[in-house]
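Listed below are the residues making up each chain.
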Amino acid sequence: MFVSENLNVTSEGHLTIGGADTVELVKEYGTPLYVMDEQMIRKSLRRFHDSMNKYYNGQGEVHYASKAFSCMEMCRIVASEGDGLDAVSIGELYTALKAGFPMEKVGFHGNNKTDEELRFAVQNKVGHIIVDNISELHRLEKIAEDLGVRPNIMFRIKPGIDAHTHDFVKTGQIDSKFGFALETGEAFEAVKEAVSCKNVNLYGLHCHIGSQIFDIAPFEEAAKVMLGFIAKIRNELGYEIEGLNLGGGFGIMYTDKDDPSPFETYLERVSQVVKSECENLGIKLPRMFIEPGRSIAAPAGITLYTVGARKEIPDIRTYISVDGGMADSPRYILYGSEYTAIVANKADQEKTEKVTIAGKCCESGDLIGENMPLQHAESGDIIAVCATGAYNYSMSSNYNRLQKPAVVFVNEGRSRIAVKRETLDDIIRNDI
Ligand code: LLP
């Protein structure tokens, strides 16, 4: 019934998250409401970094991909676990900086960083800038020279993993806006140029093959390809690449159709591949970085809504309309993503219906999901949508001039606001 281990049900049939009663949360904070379970976030981070220590001899770092869910409180939690951060815009960098995040543990990404963003990253001494293309390298060289510093960089590489073998959304193939292509020789030419740059230090290579991936094999494949390239650079240029960043993308359970591998198994297998490939190729073991986003944030979060209208269309479908929708939960309209929903105040009851949960925005495609098994829901009931901690708040909008919901963190039964609900004045704050 529950897709995340942090969800439970009280004797009155109320859904709980991280020990907090969702019905009480709604009384205190209203709906729509994002709820994040701090202990679940910490547990997932620890599972990643403990396995990295166990299977990769402590030679690795976990950089949480903050695009999945970023706010200052999240940055503080990641920092307190000793992990790093992947940031992809000046906004994410600024959030981390203001939260007191150690910037040397930040990797700065983006396929089209502006000069302002590069300068901000360099001035604030981020650990690595992951350079996406040759013009960015040139611009960064200039900025670094002006500022009199020599930042560490990685190159974003498209490893060109066989698109015919694995059927998932990929970013590692040649037809992608991200990174340097290996097959065409573009990546090697760029490396040749970078090793002779005075103002940047080519520290590592990066790849990210896609998101919500269940199969471990493509990650192993990508690691092999990247190590082959590291060996080529060593053999042909005599240059030692020190860091290998294998990105994120680990799949999670949204509905009971999903069957993700445990993070531990992923890290065990990938670490094994990296170690044995390094031995075969006679190269030094690189420092390994991974960038999980969804797998840290998604299972820790739920979204709570209040049901308004219930509309039964005979022989067609039943619509249950809630007080949010595509503005706070855009993944259904974007990707047709499926979620698990529960009537939070009737969580002990059987799911007797299959319904369409609709939002309140002015378009028909504004749905949370279709054919969703649910307890009988009526006006005034609370609906919890599970595993919404990633790519929901972070992709939310003010469409229809809706106010963005609050984000509440729960921790062993207690709750606190991390992001305030937007007010009507927030809606017009930039209007002249
Ligand atoms: N590293 C890089 C360079 C990335 O581009 C991404 C995600 C990650 C790490 C984290 O990947 P994760 O572990 O979260 O899968 N909005 C989409 C997902 C887009 C992912 C973009 N890049 C969604 O809602 O499914």
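Residues numbered from 1 in each chain as written. Predicted model: local features only at pLDDT ≥ 70, side-chain atom pairs only at ≥ 80, totals over all residues. Heavy atoms only, no water.

Before going further, it helps to spend a moment on the site of the ligand. Around the ligand lies a shell of 18 residues, among which Ser211, Glu291, Arg294, Arg331 and Tyr391 are the nearest. Taking Glu291, its side chain carries an N or O atom lying 2.7 Å from a nitrogen atom of the ligand. Surface burial for the ligand is 86%, taken as the share of its 580 Å² of free accessible area covered by protein chains. The residue inventory of the shell around the ligand, partitioned by class, reads 5 nonpolar, 7 polar and 6 charged. When we break the shell around the ligand down by domain, the ones giving at least three residues each are domain 1 (7-30 + 300-428) and domain 2 (38-297). (Near = heavy atom within 4 Å. Polar contact = N/O pair within 3.5 Å; in protein donor to acceptor, adjacent residues only side chain to side chain. Areas by Shrake-Rupley, 256 points an atom, 1.4 Å probe, with all protein chains shown as cover. Nonpolar A, V, L, I, M, F, W, Y, C, P; charged D, E, K, R; others polar. Domains from an automatic or database assignment.)

Note on helix geometry: an α-helix contains 3.6 residues per turn, so any two residues three or four positions apart are oriented the same way. By the burial criterion, the buried members of helix α4 (residues 90-98) are Glu92, Leu93, Thr95 and Ala96. Along α4, the residues classed as buried sweep out an arc of 160° about the axis, all on the same side. Contact partners of the buried residues in α4: α3 (72-80), β6 (84-87), β7 (106-108) and α5 (115-123). (Buried < 20%, exposed > 50% of the residue type's maximum accessible area, 1.4 Å probe, protein only. Helix = DSSP H or I, 4+ residues; strand = E, 2+ residues; numbered from the N terminus. Arc of directions from axis to C-beta. Contact = heavy atoms within 4.5 Å.)

This next bit is on the nonpolar core. Counting 130 residues, the largest nonpolar core has Leu25, Tyr64, Phe69, Ile129 and Phe155 as its most contacted members. Counting residues per element, this core draws most heavily on helix α8 (residues 217-237), which supplies 9 residues. For this core, the two domains that each supply at least three residues are domain 1 (7-30 + 300-428) and domain 2 (38-297). Residues contacting Leu25, with those up to four places away along its chain left out, are Ile17, Ala20, Gly30, Leu33, Val35, Leu304, Val408, Val410 and Ser415. (Core = buried A, V, L, I, M, F, W, Y, C linked by side-chain atoms within 4.5 Å.)

This brings us to the domain arrangement of the chain. Under the domain assignment, the chain is made up of domain 1 (7-30 + 300-428) and domain 2 (38-297). Computed over C-alpha atoms only, the centres of domain 1 and domain 2 are separated by 33 Å. Taken together, the contacts link 20 residues of domain 1 with 20 residues of domain 2. Buried area between domain 1 and domain 2, both sides added, is near 1,700 Å², and the carbon and sulfur share of it is 55%. Taken together, the connections running from domain 1 to domain 2 amount to 3 salt bridges. Connecting domain 1 to domain 2 are 11 residue pairs in polar contact (both at pLDDT 80 or more). Among the secondary structure elements, those contributing two or more residues to the side of domain 1 that touches domain 2 are β20 (406-411) and β21 (414-419). Here the side of domain 1 that touches domain 2 takes 4 residues from β20, the largest share from any one element. Within the side of domain 1 that touches domain 2, the residues separate by chemical class into 11 nonpolar, 5 polar and 4 charged. (Buried area = accessible area lost by both parts, 1.4 Å probe. Salt bridge = Lys/Arg side-chain N within 4 Å of Asp/Glu carboxyl O.)

By volume, the second largest pocket is sized at about 390 Å³. What lines the second largest pocket is a set of 19 residues, among which Thr255, Asp256, Tyr339, Thr340 and Pro373 lie closest to the centre. Of the residues forming the lining of the second largest pocket, the biggest block, 5 residues, is contributed by strand β18 (residues 367-374). Taken together, the residues that form the lining of the second largest pocket break down as 9 nonpolar, 4 polar and 6 charged. Here the lining of the second largest pocket gathers at least three residues from each of two domains, domain 1 (7-30 + 300-428) and domain 2 (38-297). (1 Å grid on protein atoms, 1.4 Å probe; cavity = no way out; pocket = protein on both sides within 12 Å on 5 of 7 lines; lining within 4 Å. Points joined across faces, edges and corners; volume = space filled by probe spheres on them.)

At a closest axis distance of 10 Å, the pairing of helix α2 (residues 38-55) and α3 adopts a crossing angle of 40°. Taken together, the axes of α2 and α3 lie oblique to each other. Relative to α3, the crossing made by α2 is right-handed. Two secondary-structure elements touch here, α2 through Glu38, Ile41, Arg42 and Leu45 and α3 through Met74, Ile77, Val78 and Ser80. Along the lines of polarity and charge, the residues of the contact of α2 with α3 split into 5 nonpolar, 1 polar and 2 charged. (Axes fitted to C-alpha atoms, helices over the stretch in contact; angles between N-to-C directions. Parallel < 35°, antiparallel > 145°, perpendicular 65-115°, else oblique. Left-handed = near helix turned anticlockwise from the far one by under 90°.)

Evaluated as defined, the whole model comprises 24 salt bridges. In this structure, Arg416 and Glu38 form a salt bridge, with 2.8 Å as the shortest nitrogen-oxygen distance. In this pair, Arg416 sits in strand β21 while Glu38 sits in helix α2, placing the two residues 378 residues apart along the sequence. With a shortest N-O distance of 3.3 Å, Lys192 and Glu189 are connected by a salt bridge. Remark: Glu189 and Lys192 occur in helix α7 (residues 186-195); sequence separation between them is 3 residues, near one turn of the helix. Looking at Lys192, the relative accessible area reads 36%, which means it is partly exposed. Given the relative accessible area of 47%, Glu189 is considered partly exposed. Beyond isolated ion pairs, a larger network of salt bridges with shared partners links Glu38, Arg42, Arg46, Glu73, Arg76, Glu81 and Arg416.

Going through the model one piece at a time under the given rule, you end up with 2 cavities of 30 Å³ or more. Quantified by volume, the largest cavity comes out at close to 70 Å³. In this structure, the largest cavity is lined by Ile213, Phe214, Ile216, Phe219, Phe250, Gly251, Ser261, Phe263 and Tyr266. Looking at the lining of the largest cavity, its residues break down into 7 nonpolar, 2 polar and no charged. Taken as a whole, the second largest cavity spans an internal volume of roughly 30 Å³. Lining the second largest cavity are Ile230, Arg234, Tyr239, Glu240, Ile241, Ile283 and Lys284. By residue class, the composition of the lining of the second largest cavity is 4 nonpolar, no polar and 3 charged.

With that out of the way, let us pick up the side chain of Asp258. Relative to the assigned elements, Asp258 resides in the loop between β12 (243-245) and α9 (263-281). The side chain of Asp258 is buried and forms no salt bridge, while Lys257, the nearest opposite charge, is found at 7.4 Å. Here Asp258 is in contact with Gln212, Phe214, Ile252 and Met253, once residues within four sequence places are set aside. (Lys, Arg positive; Asp, Glu negative; His and termini not counted.)

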